[in-house]
Amino acid sequence: MNAKIILITGSTDGFGKITATELAKQGHTIIVHGRNKEKAATV
């Protein structure tokens, strides 16, 4: 598999968070973007 670098907006809650987590588990590098800095750091 070719690992990708992926930007996900709205990734601090809901579907965005789930998507970011699942893609990271698959070995991709995820760039997390969200309005809440603390939530983004946790994800």
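Shown above is the structure to which this text applies.
Residues numbered from 1 in each chain as written. Predicted model: local features only at pLDDT ≥ 70, side-chain atom pairs only at ≥ 80, totals over all residues. Heavy atoms only, no water.

Asks: What is the right way to read the side chain of Thr12 from this model?
Replies: Mapping Thr12 onto the fold places it in the loop between strand E1 (5-9) and helix H1 (14-25). With a relative accessible area of 11%, Thr12 lands in the buried category. Excluding its chain neighbours within four sequence positions, the residues that come into contact with Thr12 are Lys17, Gly34, Asn36, Lys39, Ala40 and Val43. (Helix = DSSP H or I, 4+ residues; strand = E, 2+ residues; numbered from the N terminus. Buried < 20%, exposed > 50% of the residue type's maximum accessible area, 1.4 Å probe, protein only. Contact = heavy atoms within 4.5 Å.)

Asks: Looking at this model, I keep getting lost on the side chain of Ser11. Mind explaining?
Replies: Along the chain, Ser11 falls in the loop between E1 and H1. Its relative accessible area of 0% is what places Ser11 among the buried residues. Polar contacts involving the side chain of Ser11 include one to the main-chain carbonyl oxygen of Ile8, which spans 3.2 Å. In this structure Ser11 touches Gly16, Lys17, Ala20, Val32, His33 and Val43, once residues within four positions along its chain are discounted. (Polar contact = N/O pair within 3.5 Å; in protein donor to acceptor, adjacent residues only side chain to side chain.)

Asks: What should I look at first to understand H1 in this one?
Replies: Along an α-helix, residues three or four positions apart point the same way, because every turn accommodates 3.6 residues. End to end, H1 covers 17 Å across twelve residues, agreeing with the expected 16 Å (1.5 Å per residue, within 8%). Just downstream of H1 lies Gly27, where phi reads positive at about 100°. (Expected span 1.5 Å × (residues − 1).)

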